[in-house]
Amino acid sequence: METPELPGLAAGFGALLRRDLQLAWRQRGQAVNPLIFFVMVTALVPLAVGPEPALLTRLAPGMVWIMALLGTLLAADALFHEDFVDGALEHLVLSPQPLWLLVLAKVTAHWLVIGLPITLLSPLLGLMLALPDAGFMPLLVGLTLGTLVFSLLGAVGGALTVALGGRSVLLSLLVLPLYVPVLIFGTSAVTQAVAGGGIGGPLALLGAIAALALAVAPFAAAAALRAGIDG
Amino acid sequence: MSPQFHGVAEFLAMGGHGPYVWSAYGVALVVLVWLVVQPLRRRAAILKSVRQVLAREGNR
Amino acid sequence: MARKWQWFHRLGSPPGFYRASGYWLPWLAVAAALLLGVGLVWGLVYAPPDARQGNSFRIIYIHVPVSFLALAGYYVMAAAGAVHLIWRMKLADMVMTAAAPLGAALTFLALWSGAVWGKPTWGTYWVWDARITSMLVLLFLYLGMVALRLGFSNREAAGRACAVLALVGTVNIPIIYKSVDWWYSLHQPATIRLTAAPSMHPDMFKPLLVMIVGFYVFYALVLILNTRAEILARERRTGWVRDLAAGRNQR
């Protein structure tokens, strides 16, 4: 009997990506929850601090970024946990494909389902919080890169806590400190644009962080999965 | 080199900064002592429980 | 096998380390007590008061050493984690386990001493200064580390997971520090300048040096004490720990 031919790297990546997207589509009710959370919590800000546009304008960049951070964090817990519960994760870890590539596929799917919609919704929240026109472009670009980093680091945290029974609070404790640089550069890109300054610096730094996370996080998450799966 | 303070009261007052200086040093002392005592107590507790296990096995 | 590696293997095994460290402990304890005692009296009584801050500057003899160790402790923890991941060395995992709460305690002390030093110096316990903020993030990193280990019931898996987290944190710490520095330079309030005194008088600096060395020795002492307790906890069912407990020809 000849050994069955293994699918190539790209095919393995594509298959897992398609599967995760299909799963997300079938459970689209769950997938939109972080988005609803994102919008609802932002609507609480004016209720808490008052509706003066000047105040909201000052708060807008930070608030939108923090809500985006929390929205992706809520979803990071589900990244590996469901596959762990139904046993699919064990197969991924044992599969001949390199685990970091499979992690990357799952992160890509997660970002397409959570990070990208949050980014696309953010201008709406910017409008609600009286963000000046100059802030929208850096908000969009920054969140595109930033939510990618959130998903990548969230994957590391999700992998570490995968067997611990959906402990999303523990996951938050682990990854929130790691989110600090993204939050700083992301919000200051918007703030500087609103103040009429250049935005190249912080966005370039954000891009560098995203590149570094893309290079390191899949390997870290793969190592974390191998350890974390044993609970 | 000579002492900067004349008498205990002046030393404790720290030129008006006493509460700040002593709360920093006091909390540091508590934490440092706890850091030393805690592993020693843990070690003693483990050895004690091992001795209890040995005694129980010896009585059988 | 080359003989020169024998000492390493003996030291790398938990019982070997336990035995060897038993001989180091008295020396470390005496050295730490002497250095900290001398530094304390020198710093509190003999060092001249600061021209601007008066006697409140004496908090520096706590604050600076623990701040150094708080950061250094994370690298100790991460290095132990790397050794554990690469060479599957059990002792390294025990050192890592011991280093996390120790680092958290020192980071807390750094924040605490900084806060009570800040009140008489800048009139407030807390400012969002770059170094203070970085220290706060470091405390969160340590707490996450402790929480992750407590979350696991499987000790072997906990060790590897914590090692991965420590290494990810190590990559991140320089980025966090740089980003917080940069953030602070954007928002620096004009009224509060936290630049350190341009140059310290040697009479103030010498006791600080003694305290820094003393705290490093103290750190080594506590790390070893914690590692020894961790070794006993994990090997409590082995023969050598039973011999030790029963007092049979062991130290």
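All of these numbers come straight from a predicted model, not from anything done at the bench. (Residues numbered from 1 in each chain as written. Chains lettered and ligands numbered in written order. Predicted model: local features only at pLDDT ≥ 70, side-chain atom pairs only at ≥ 80, totals over all residues.)

## Side note on the overall build of chain B
Piece 1. Assigned secondary structure in chain B consists of two helices and zero strands.
Piece 2. In terms of C-alpha radius of gyration, chain B reaches 22 Å, well past the compact-globule figure of 10 Å for 60 residues.
Piece 3. Once the C-alpha set of chain B is aligned to its principal axes, its extents read approximately 70 × 20 × 20 Å.
Piece 4. Evaluated residue by residue, chain B yields a buried proportion of 18% over its 60 residues. (Helix = DSSP H or I, 4+ residues; strand = E, 2+ residues; numbered from the N terminus. Rg over C-alpha atoms; globule rule 2.2 N^0.38 Å. Buried ≥ 20, exposed ≤ 12 C-beta atoms within 10 Å, placed from the backbone.)

## Digging into the overall build of chain A
Piece 1. Of the regular secondary structure elements, chain A holds 10 helices and zero strands.
Piece 2. Order of helices (α) and strands (β) in chain A, N terminus to C terminus: α-α-α-α-α-α-α-α-α-α.
Piece 3. For a compact globule of 231 residues, the expected C-alpha radius of gyration is about 17 Å, and chain A comes in at 19 Å, within 12% of that figure.
Piece 4. Considered along the principal axes of its C-alpha atoms, chain A spans approximately 75 × 35 × 30 Å.
Piece 5. Across the 231 residues that make up chain A, the buried fraction comes to 48%.

## Details of the arrangement of the chains
Piece 1. Among the two pairs of chains in contact, the pair with the most contacts is chains B and C.
Piece 2. In this assembly chain A lies apart from chain B, the nearest approach of their C-alpha atoms being 24 Å. (Contact = placed C-beta atoms within 7 Å.)

## Things to note about the interface of chain B and chain C
Piece 1. Counting from both sides, the interface comprises 26 residues of chain B and, opposite them, 31 residues of chain C.
Piece 2. Residues of the side of chain B that touches chain C, tallied by class, amount to 19 nonpolar, four polar and three charged. (Nonpolar A, V, L, I, M, F, W, Y, C, P; charged D, E, K, R; others polar.)

## Brief notes about the interface of chain A and chain C
Much of the literature gives interface size as the accessible area that the parts lose upon coming together.
Piece 1. Counting residues at the interface gives 25 residues for chain A and 26 residues for chain C.
Piece 2. Among the secondary structure elements, those contributing two or more residues to the side of chain A that touches chain C are helix H8 (136-160), helix H9 (168-194) and helix H10 (200-228) of chain A.
Piece 3. Among the residues forming the side of chain A that touches chain C, the class breakdown is 19 nonpolar, four polar and two charged.

## Details of the confidence of the model for chain B
Piece 1. Mean pLDDT over chain B stands at 84; residues scoring 70 or higher make up 97%.
Piece 2. Across the interfaces of the predicted complex, the ipTM metric reaches 0.86, alongside a pTM of 0.88. (pLDDT = per-residue confidence, 0-100.)

## Considering helix H8 (residues 239-246) of chain C
Residues and elements named next belong to chain C.
Piece 1. Restricting attention to buried positions, one finds in H8 the residues Val241, Leu244 and Ala245. Seen along its axis, H8 keeps its buried residues to an arc of 95 degrees; they face one direction.
Piece 2. Glycine 247 sits one or two residues past H8 and shows a positive phi near 75 degrees. (Arc of directions from axis to C-beta.)

## With respect to unusual backbone geometry
Piece 1. One non-glycine residue with positive phi stands out, namely alanine 130 of chain A, at about 60 degrees.
Piece 2. Tracing the backbone through its elements, the reader meets alanine 130 of chain A in the loop between helix H7 (99-128) and H8.
Piece 3. Here arginine 88 of chain C, not a glycine, exhibits a phi torsion of approximately 50 degrees, which is positive.
Piece 4. With respect to the helices and strands, the residue arginine 88 of chain C is situated in the loop between helix H3 (60-87) and helix H4 (90-122).

## Comments concerning the packing of H7 of chain A against H8 of chain A
Residues and elements named next belong to chain A.
Piece 1. It is at 8 Å that the axes of H7 and H8 come closest, and there the two elements cross at 150 degrees. The angle between H7 and H8 falls in the class roughly antiparallel. The crossing of H7 and H8 is right-handed. Residues Val103, Lys106, Val107, His110, Trp111, Gly115, Ile118, Thr119, Ser122, Pro123 and Gly126 of H7 touch H8, and the partners they reach there are Phe136, Leu139, Leu140, Leu143, Thr144, Thr147, Leu148, Phe150, Ser151, Leu152 and Ala155. (Axes fitted to C-alpha atoms, helices over the stretch in contact; angles between N-to-C directions. Parallel < 35°, antiparallel > 145°, perpendicular 65-115°, else oblique. Left-handed = near helix turned anticlockwise from the far one by under 90°.)

## A look at the packing of helix H4 (residues 53-76) of chain A against H8 of chain A
Residues and elements named next belong to chain A.
Piece 1. Where H4 meets H8, the closest approach of the two axes is 9 Å, and the angle between their N-to-C directions is 30 degrees. Crossing of H4 over H8 shows right-handed handedness. On the side of H4, the interface is formed by Val64, Ala68, Leu69, Thr72, Leu73 and Ala76, while H8 contributes Leu139, Leu143, Thr147, Phe150, Ser151, Gly154, Gly157 and Gly158.
Piece 2. When grouped by side-chain class, the residues that make up the contact of H4 with H8 number eight nonpolar, six polar and no charged.

## Looking at the environment of glycine 14 of chain A
Piece 1. Following the sequence through the fold, glycine 14 of chain A ends up in helix H1 (residues 9-26).
Piece 2. Accessibility expressed as a C-beta count within 10 Å gives 13 for glycine 14 of chain A, which makes it partly exposed.

## Let's talk about H3 of chain C
Piece 1. Across its 28 residues, H3 of chain C extends 40 Å between first and last C-alpha, which sits within 8% of the 40 Å expected from 1.5 Å per residue.
Piece 2. Once H3 of chain C ends, the next one or two residues include arginine 88 of chain C, with phi positive near 50 degrees. (Expected span 1.5 Å × (residues − 1).)

## Thoughts on the environment of leucine 99 of chain A
Residues and elements named next belong to chain A.
Piece 1. As for its placement among the helices and strands, leucine 99 is situated in helix H7.
Piece 2. The sequence separation of leucine 99 and leucine 44 amounts to 55 residues, and the corresponding C-alpha distance is 41 Å.
Piece 3. Those residues in contact with leucine 99 that lie beyond four places of it in its chain are Leu92, Val93, Ala222 and Leu225.

## Some points on the environment of methionine 128 of chain A
All names here are of chain A.
Piece 1. Within the secondary structure layout, methionine 128 lies in helix H7.
Piece 2. Given 17 C-beta atoms within a 10 Å radius, methionine 128 is considered partly exposed.
Piece 3. Considered as a pair, methionine 128 and threonine 42 are 86 residues apart in the sequence and their alpha carbons are 8.6 Å apart.
Piece 4. Residues within four places of methionine 128 in sequence aside, it is in contact with Thr42 and Ala43.

## Quick word on the confidence of the model for chain A
Detailed reading of the predicted coordinates is not advisable wherever pLDDT falls low.
Piece 1. On average, chain A scores 86 in pLDDT, and the residues at 70 or more come to 96%.
Piece 2. Across chain A, the secondary-structure element scoring lowest on mean pLDDT is helix H2 (residues 28-31) of chain A, at 78, and the one scoring highest is H8 of chain A, at 92.

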